[in-house]
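# Summary of the model geometry
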Amino acid sequence: MNSPFSKRNRWRQPSVLPGFGLTFGFSLGWLTLIVLIPLATIFLKSAGMGWSDFIKVGFSERAVAAYRLSFGTAAAAGLVNAIFGLLVAWVLARYSFPGKKVVNALVDLPFALPTAVAGIALTALYAPNGWIGQYLDPLGINVAFTRIGIIIALVFIGLPFVVRSVEPVLADLGKDVEEAAATLGATRHQTFTRVIFPAIGPALLTGFALAFARGVGEYGSVIFISGNMPGKTEIAPLLIVTQLEQYAYDGATAIATVMMIASFAILLGINLIQAWSRGRAGA
Amino acid sequence: MSQRAIVSESRFARGLLIGSALAFLGFFLLLPLVAVFSEALKQGVGTFWDAVKEPDALASIRLTLLIAAISVPLNIVFGLAASWAITKYSFRGKSLFITLIDLPFSVSPVVSGLIFVLLFGAHGWLGPWLNAHDVKIIFAVPGIILATVFITFPFVARELIPLMMEQGKDDEEAAVSLGANGWQTFWHVTLPNIRWGLLYGVLLCNARAMGEFGAVSVVSGHIRGLTNTMPLHVEILYNEYDFVGAFAVASLLAVLALVTLVAKSVLEWRFDYHHGGAGH
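Residues numbered from 1 in each chain as written. Chains lettered and ligands numbered in written order. Predicted model: local features only at pLDDT ≥ 70, side-chain atom pairs only at ≥ 80, totals over all residues. Heavy atoms only, no water.

### Quick word on the overall build of chain B
Selection criterion: Strands here are runs of E lasting at least two residues and helices are runs of H or I lasting at least four, both read from the DSSP assignment and numbered beginning at the N terminus. Relative accessible area decides the class of each residue, using a 1.4 Å probe on protein chains only: under 20% of the type maximum gives buried, over 50% gives exposed, and in between gives partly exposed.
Across its full length, chain B holds 13 helices and zero strands. Its helices and strands taken in sequence order, chain B reads α-α-α-α-α-α-α-α-α-α-α-α-α from the N to the C terminus. Overall, the C-alpha framework of chain B stretches about 65 × 55 × 30 Å when taken along its three principal axes. Among the 280 residues that make up chain B, the fraction classed as buried is 55%.

What follows is the structure, given as structure tokens:
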């Protein structure tokens, strides 16, 4: 207790390594300047708007349609990615086949390819005269400029989140538990649904949540393929841009605030579900 | 019945699973990539080069390189400082600090641009003051840099924190007890330990910095030859129905993505550097 450190640094433990003041001070200062203060402006501006104005622009008919579209398509794409992402993660973690390394690298393409490039490429594929669109058009299926197009763009953007969340867990899951299950008489199907699936459940949910969160805010890959019809295929981020271009700063801010609060709430909810399931599993 | 069928799938099921995974990836990931190059070269290599050599396209390439050359080093310095503070000391509020660093990942790119318009735009809080002093941030290069630094903020720190946490601080403590000062310890002990992880973070950070669209689009003002980055130039050409031009510039960005993926894979195979969890 008589150490000279005990009083001065009560909130941190003493260390022989130098540089805490410099590195912590610099990184906290830079974080405050670049992230915290700019983000705070959005909430301050919303707060300064007054409740009735906020509701009027933040929950206008057009804005509500945009939220429903953004959250709905992001959830649909997240589900598609949960299913196929699990399949891809399973194949990569469990089997060996020629070209596996290339396939593994390709999975990260959506992280590396700029969203605008993905957007125009997908539109070229799915437009009525495009590579894939020309075969769908005679069947009466329109992908480009409809909700399906938005979902396809969000599937592209979100896939690596699911694969990269699930794959390490599958790889770590020892063969011994599966062997134990089989020895005790479980069929392969029972082993999967009762042993493997519960173990990878939390990781799958994390992957879904990351893909969903990214999908709700996604802009570049969607706007080319979506057609951008107000009330029909106008996603919330695009509505923010439209409002900004018309100098409707209050509208843009209110919509951005609603989106951020909704996203945070959903992510918090998913975190709570995960904490609960971990508690139940006794891990 | 074979014994191993119990803990694995039959040959047929395995083939079916691999086949459908590859079909899905081919359809959703590979085909768009092929489409970019095919559309860019549709009217021959000559037209492709003319589109790339066009003055506005060259200006957008220069601007994109400039933006990355400024924002990536800023994020390296921040990432190193933050991960040193977080992993070498124990202090209260550390997990909150880490959460705050990750914050830009959960914000829509468009909103990331909007916040800087609200701060520095003509009608923003500092707008009148900036205008009186003739400083332009929004619809100019500084705004694009700010938005890019915000978007890529967590990349380097996020790679380094788990890596340095795992490595602990024994090496550094040994160096200091042998008489090294802080900088010597960092240069000769820490940096060699974390170089591959750092490079990995820089790769991903750079790819995003050069490819960012939403945030940059909001703050840039789309002034041809002045504030158009490559992704914004792609959008303008596309909206003007200059598809070959749009895909030509887009194919350069696709090459950047491929180089990033190859370099990333090389880091993973050669140096067994393992990427923890999902990146962005």
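From this point, things continue past the structure.
### Description of the overall build of chain A
Our working definition: For the radius of gyration, the atoms used are the C-alpha atoms, and the globule rule reads 2.2 Å times the number of residues raised to 0.38. Residue contacts are counted whenever heavy atoms from the two residues lie within 4.5 Å of one another. The Shrake-Rupley method, run with a 1.4 Å probe sphere, supplies the accessible areas, and residue values consider only the shown protein chains as cover. Positive: Lys, Arg. Negative: Asp, Glu. His and the chain ends are not part of the count. By convention, the charge on Lys lies at NZ, on Arg at CZ, on Asp at CG and on Glu at CD.
When helices and strands are counted, chain A shows 14 helices and zero strands. Over its C-alpha atoms chain A spans a radius of gyration of 24 Å, topping by over 25% the 19 Å that the globule rule assigns to 283 residues. Structurally, chain A occupies a C-alpha span of about 75 × 60 × 35 Å along its principal axes. Out of the 283 residues in chain A, the part that is buried amounts to 51%. When contacts within chain A are restricted to residue pairs at least 6 apart in sequence, long-range pairs at least 24 apart make up 74% of them. Accessible surface, chain A as shown: approximately 13,000 Å² in total, 65% of it carbon and sulfur. For chain A, the separation between the mean place of its 20 positive charges and that of its 13 negative charges on side chains is 9 Å.

### Overview of the packing of aromatic side chains
Heads up, the condition is: The aromatic pairing rule takes the rings of Phe, Tyr and Trp, using the six-membered ring of Trp, and pairs them if the centres are within 6.5 Å, calling planes under 30 degrees apart stacked, those over 60 edge-to-face and the rest tilted. Placement of a positive charge over a ring is assigned whenever Lys NZ or Arg CZ falls within 6 Å of the ring centre and within 35 degrees of the normal to the ring plane.
Counted by the stated rule, this structure contains 32 aromatic pairs over all chains. With centroids separated by 6.2 Å and ring planes inclined at 65°, the aromatic side chains of F27 of chain B and F28 of chain B adopt a geometry described as edge-to-face. Under the relative-accessibility criterion, F28 of chain B is labelled buried at 16%. Three or more aromatic residues joined by ring pairs form one cluster here, namely W11, F20 and F24 of chain A together with Y89, F91 and F97 of chain B. The ring of F20 of chain A carries the charged tip of R12 of chain A above its face, separated from the ring centre by 4.2 Å. The ring of W90 of chain A carries R94 of chain A above its face, with NZ or CZ at 4.8 Å from the centroid.

### Some thoughts on the confidence of the model for chain B
Residues and elements named next belong to chain B. Defined as follows: For every residue, the predictor reports its confidence as pLDDT, a number between 0 and 100.
This prediction gives chain B a mean pLDDT of 91; 94% of its residues lie at or above 70. Throughout residues 1-5 the model reports pLDDT below 50, and contacts reaching past four residues in sequence, or to other chains, amount to two contacts. Overall, residues 276-280 carries pLDDT values under 50, and its contacts beyond four positions in sequence, including any with other chains, amount to 14 contacts. Among the scores for the predicted complex, ipTM is 0.91 and pTM is 0.91.

### So, the environment of F243 of chain B
When you line up the elements, F243 of chain B lands in helix α13 (residues 243-270). Spatially, the C-alpha atom of F243 of chain B lies 36 Å from that of L119 of chain B, the residues being 124 residues apart in sequence.

### Things to note about a nonpolar patch on the surface
The condition that has to hold: Exposure above 30% relative accessible area and the lack of any salt bridge qualify a residue for a patch; like charges then connect within 9 Å, and the nonpolar side chains Val, Leu, Ile, Met, Phe, Trp and Tyr within 5 Å. Salt bridges are counted wherever a side-chain nitrogen of Lys or Arg sits within 4 Å of a carboxyl oxygen of Asp or Glu.
Judged by side-chain polarity, L22 of chain A together with W183 and W187 of chain B come together as a nonpolar surface patch covering roughly 430 Å² of accessible area. For W187 of chain B, the position within the fold is in helix α10 (residues 182-211). Under the relative-accessibility criterion, W187 of chain B is labelled exposed at 52%.

### Regarding the environment of E235 of chain B
Note on placement: E235 of chain B falls in helix α12 (residues 230-239). When the C-alpha positions of E235 of chain B and K136 of chain B are compared, they lie 24 Å apart, and in sequence the two are 99 residues distant. Contact partners of E235 of chain B, with chain neighbours within four places excluded, come to I223 and F224 of chain A together with F213 and H222 of chain B.

### Topic: the interface of chain A and chain B
The following threshold applies: Computed with a 1.4 Å rolling probe, the buried area is the accessible surface lost when two parts are put together, summed over both parts. For this analysis, a polar contact is any N or O atom pair within 3.5 Å, provided that within protein one partner can donate a hydrogen and the other can accept it, and provided that sequence-adjacent residues contribute only side-chain to side-chain pairs.
Each partner contributes residues to the interface: chain A has 90 residues there, and chain B has 92 residues. Buried area between chain A and chain B, summed over both chains or domains, comes out near 8,200 Å², and the portion from carbon and sulfur atoms is 81%. Looking at the side of chain A facing chain B, the largest losses of area belong to L17, Y95 and W131 of chain A, adding up to 8% of the total buried there. For the pair chain A and chain B, the number of links is one salt bridge. Between D108 of chain A and K264 of chain B there is a salt bridge; the shortest N-O distance is 2.3 Å. Scanning the region where chain A abuts chain B turns up seven residue pairs in polar contact (both at pLDDT 80 or more). Looking at which element gives the most residues to the side of chain A that touches chain B, the answer is helix α2 (residues 20-47) of chain A, with 18 residues.

### Some remarks on unusual backbone geometry
Only a minority of non-glycine residues have a phi that is not negative, and only a minority of peptide bonds are not trans. Residues and elements named next belong to chain B. A positive phi angle, close to 50°, is found at H222, a residue other than glycine. The backbone of Y241 shows a phi angle near 65°, a positive value even though the residue is not glycine. Position of Y241 relative to the elements: it lies in the loop between α12 and α13.

### Some points on helix α4 (residues 94-102) of chain B
Heads up, the rule is: Think of the arc as the fan of directions from the helix axis to the C-beta atoms.
Looking only at α4 of chain B, the buried set comprises K94, F97 and I101 of chain B. End-on view of α4 of chain B: buried residues confined to an arc of 55°, all on one side of the axis. The exposed set on the far side of α4 of chain B, more than 90 degrees from its buried face, consists of S95 and L96 of chain B. Elements in contact with the buried residues of α4 of chain B: α2 of chain A together with α3 (55-88) and α8 (155-167) of chain B.

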